Amino acid sequence: MCQVEEHYQLEQEEEPRISKNCVKCKEATAVVVIRAGDTFCRNCFKEYFIHKFRAMLGKNRIIFPAEKVLLAVSGGPSSCSMLSQVQEGLSQNAHKRLRFMPGIVYIDEGGAVGQSVEERQKTVVELQNVLKATGFPFHNVPLEQVLDLPSSIVVTAPSQRPASNYKAAVNDFIKSDSSSCLTPGEHDHTLAPDVSETQTQLLQQLIGSAGTQTAREDLLNTLRQHLLVHTARREGYSKLMLGDNCTRLAIKLLISISLGRGAQLAQDTGFSDSRFGDIILVRPMRDYSAKEITDYNSLFNVPSVVKASLDTTTKERASIQSLTESFVTKLQADFPSTVSTIYRTSEKLQTAFQSLSSADPAHRCLLCVCALDTTVEDASAFKATRISEQLSQNPSAVLVAVQPEVTSPRGQCCSSGVAGDCGRSAKGRGCRSYAGLADAMDVRSLLCYSCQLTIKDMSSLDLLPQYILSEARRRQRRSQMKEEISEFLLEDGDDCN
């Protein structure tokens, strides 16, 4: 039994002691603390950093020898560190040299954030001075080019590389003595074409048409990804290497769940992403934390370029993206295992939509090119949410969605209720407000749930790039044609006899 006279002293938890020597070589003085108890000297930390990058590429075996790989470099610490690792792996004195042929692409987003021409040129010159020492081909692409992309960019293309054994490909590469072609040399840099002021204004109108900062950032990420994939296809690359690190992917995981992209988590945060078919996105920096990258860049003088982004001047709570980033960063400061816990959870996630055939574009989202997650039964939460949303905005919209053939009375407009010129559409089926609503509903039916939320915040769908609108019209025509000839089509289980 407890006695009143007894005095209890609370044991204070002792803080973990940090060793002054390197935990690997046990001799040199430690200069970097990765985690509590993990201290490295300069040389051991470099070996640890390089080994982690090589192990990530060697474990997955996606990049084949002599394959062209395009490195997406934004100028930030993570992408510049990735470029440094590739340059280190291709050097003559590197142990187990990398066997692919790299190139660099930089997307100039200055027009979207309102930078002047002089400011954009200054940023490009600083980045060119950083990348000049690599000797890799450099492609400077302004974001305005996304307005002139072909419609094939949102269609999954078949892979150009036939299925083969990785070990067999390595043996063939060694026998062919093709290592000389991997030596970095002097390459011409692809200069950015002149961008007219009209194109910049159209891009700013497109980004500004989104009503919320969350939708604007999500739309910008989608357009950037389309332009990266198009550049890789145009220049003959088959892999696109991104610089997403562990901290960024942990934040992206929570952002994707908040934006309704739970079905696409495997593609958005995994090591490889094959949604585009012929171009595979890889993330070799996904095992590095932001602290490790910062320490490595500081110790070994890896340069980076600071540039403005869409959320530079916004407040912390301006968007879901910035709020989630602030939440994870502050939580990581108090609980150092936060990022690693979220990151390890993402590796275990799988979706039921990966088995869908990529040959039919009707099963792919028009924007993110992921498998549609809206093909659900009528008695589902998604359908109930859709009907509730339509009722709250316009009660008559439900009638249009359910009965598209209903026409307004002749000579009377459903919006104004007066006789005369009510602005009926050219087809004679109701007024223009009904026709515009039907077009919006048709476009939303081609999108996943998250992209539907982004499009819903836009003031007008006419501001979307033409390659998206033309592909939407093509899919709608094919859907209408399929409905017209549905009586003459054989189902999968029908008997042909």
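Predicted model only: the values in this text are computed from it and were never measured. (Residues numbered from 1 in each chain as written. Predicted model: local features only at pLDDT ≥ 70, side-chain atom pairs only at ≥ 80, totals over all residues. Heavy atoms only, no water.)

K.L.:
How would you sum up the overall build of the protein chain? Please name residues and give values.
P.N.:
Within the protein chain, the regular secondary structure consists of 17 helices and eight strands. Restricting to contacts in the protein chain with at least 6 residues of sequence separation, those with at least 24 account for 72%. Put simply, the protein chain shows about 27900 Å² of open surface, and 51% of that area lies on carbon and sulfur atoms. (Helix = DSSP H or I, 4+ residues; strand = E, 2+ residues; numbered from the N terminus. Contact = heavy atoms within 4.5 Å. Areas by Shrake-Rupley, 256 points an atom, 1.4 Å probe, with all protein chains shown as cover.)

K.L.:
Talk me through the pairing of strand β1 (residues 32-35); I want residue IDs and the actual numbers.
P.N.:
The pairing of β1 with strand β2 (residues 38-40) spans three bridges and is classified as antiparallel. Bridge assignment links V32 to a residue of β2, and that residue is F40. Hairpin connection, β1 to β2: the antiparallel pair is bridged by two residues, and G37 has positive phi, about 95 degrees. (Pairing = 2+ DSSP bridges.)

K.L.:
Give me the lowdown on the nonpolar core, citing residues and values where you can.
P.N.:
Nonpolar side chains in soluble globular proteins generally cluster together in the buried interior. Among the nonpolar cores identified, the biggest contains 49 residues, and I207, L240, C365, L464 and Y467 are the most heavily contacted of them. The biggest single contributor to this core is helix α7 (residues 213-235), with seven residues. Not counting residues up to four positions away in its chain, the partners in contact with L240 are L70, A72, L228, V229, I279, I280, L281 and V282. Membership of the second largest hydrophobic core comes to 42 residues, among which are V32, V73, L83 and L127. (Core = buried A, V, L, I, M, F, W, Y, C linked by side-chain atoms within 4.5 Å. Buried < 20%, exposed > 50% of the residue type's maximum accessible area, 1.4 Å probe, protein only.)

K.L.:
How would you summarise the side chain of H230 if you had to cite specific residues and measurements?
P.N.:
Here H230 shows up in helix α7. In this structure, H230 is in contact with L149, P150 and I153, ignoring residues within four places of it in sequence.

K.L.:
Residue-level account of the packing of aromatic side chains, with values.
P.N.:
Taken as a whole, this structure holds seven aromatic pairs when the rule is applied. With centroids separated by 5.1 Å and ring planes inclined at 20 degrees, the aromatic side chains of F40 and Y48 adopt a geometry described as stacked. Taken together, the ring pairs connect F40, F45, Y48, F49, Y288, Y296 and F300 into an aromatic cluster. The residue whose ring lies beneath K68 is Y237, and the NZ or CZ to ring-centre distance is 4.6 Å. (Phe/Tyr/Trp six-rings, centres within 6.5 Å; stacked < 30°, edge-to-face > 60°. Lys NZ or Arg CZ within 6 Å of the ring centre and 35° of its normal.)

K.L.:
Go over the sheet that holds strand β4 (residues 101-108) with me, naming the residues and quoting the values.
P.N.:
Taken in spatial order, the six strands line up as β5-β4-β3-β6-β8-β7 in an open sheet, and their pairing is mixed. Strands with a single pairing partner mark the edges of an open sheet, and in this sheet they are β5 (138-142) and β7 (272-273). Pairing geometry for β7 and strand β8 (residues 280-282), over two bridges, is antiparallel. The partner of D273 across the bridge, within β8, is L281. Across the sheet, helix α4 (residues 117-131) is in contact with β4 and β5; its angle to β4 comes to roughly 165 degrees. (Axes fitted to C-alpha atoms, helices over the stretch in contact; angles between N-to-C directions.)

K.L.:
Which residues make up unusual backbone geometry, and what are the values?
P.N.:
Despite not being glycine, K26 has its phi angle at roughly 65 degrees, a positive value. When you line up the elements, K26 lands in the segment before β1. Positioned with a positive phi, A66 is a non-glycine residue whose angle comes to about 65 degrees. Looking at where A66 falls in the secondary structure, it is placed in the loop between α1 (42-60) and β3 (68-72).

K.L.:
Describe in detail the packing of helix α6 (residues 197-208) against α7, supporting the description with residues and values.
P.N.:
One can describe the packing of α6 onto α7 by two numbers: an axis separation of 9 Å at closest approach and a directional angle of 130 degrees. Taken as axis vectors, α6 and α7 run oblique relative to one another. Packed against α6, whose contacting residues are L206, I207 and G208, the element α7 presents R216, L219, L220 and L223 at the interface. Each residue belonging to the contact of α6 with α7 can be placed in one class, and the counts come to five nonpolar, one polar and one charged. (Parallel < 35°, antiparallel > 145°, perpendicular 65-115°, else oblique. Nonpolar A, V, L, I, M, F, W, Y, C, P; charged D, E, K, R; others polar.)

K.L.:
Lay out the side chain of T200 in plain terms, naming residues and giving numbers.
P.N.:
Secondary-structure assignment places T200 in helix α6. If we ignore the near neighbours within four places in the chain, the residues touching T200 are G111, R120, E144 and V195.

K.L.:
With reference to specific residues and values, describe the state of the cysteines.
P.N.:
Applying the stated rule across the entire model yields zero disulfides. Summary of cysteine pairing: C368 is not part of a disulfide, and the nearest cysteine sulfur, belonging to C365, is at 3.6 Å. When its relative accessible area of 4% is taken as the criterion, C368 is described as buried. (Disulfide = S-S within 2.5 Å.)

K.L.:
Describe the pairing of β4, with residues and values.
P.N.:
Among the eight residues that make up β4, seven are buried, leaving the element largely enclosed by the rest of the structure. As paired strands, β3 and β4 are joined by five bridges and run parallel to one another. By the bridge assignment for β4, A72 is matched with V105. With helix α2 (residues 77-89) bridging β3 and its parallel neighbour β4, the resulting β-α-β unit is right-handed. Here five bridges tie β4 to β5, and the two strands are oriented parallel to one another. Bridge pairing links D108 to P142 in β5. (Right-handed = clockwise from strand over helix to strand, strands pointing away.)

K.L.:
Give a description of helix α10 (residues 290-299) that names residues and reports values.
P.N.:
Those residues of α10 that fall on the buried side of the exposure criterion are E292, I293, D295, Y296 and N297. In this structure, the buried side of α10 is in contact with β1, α1 and α2. Just downstream of α10, N301 is the residue with a positive phi angle, here 55 degrees.

K.L.:
For the pattern of salt bridges, give the residues involved together with the corresponding values.
P.N.:
Under the definition given, this model contains 17 salt bridges. Residue E144 is joined to R120 by a salt bridge in which the shortest nitrogen-to-oxygen separation is 3.0 Å. With E144 in the loop between β5 and α5 (166-176) and R120 in helix α4, the pair connects residues that are 24 residues apart, well separated along the chain. Like E144, the residue R120 is buried in the burial classification. One salt-bridge network, in which partners are shared between bridges, spans R261, D268, D273 and R275. (Salt bridge = Lys/Arg side-chain N within 4 Å of Asp/Glu carboxyl O.)

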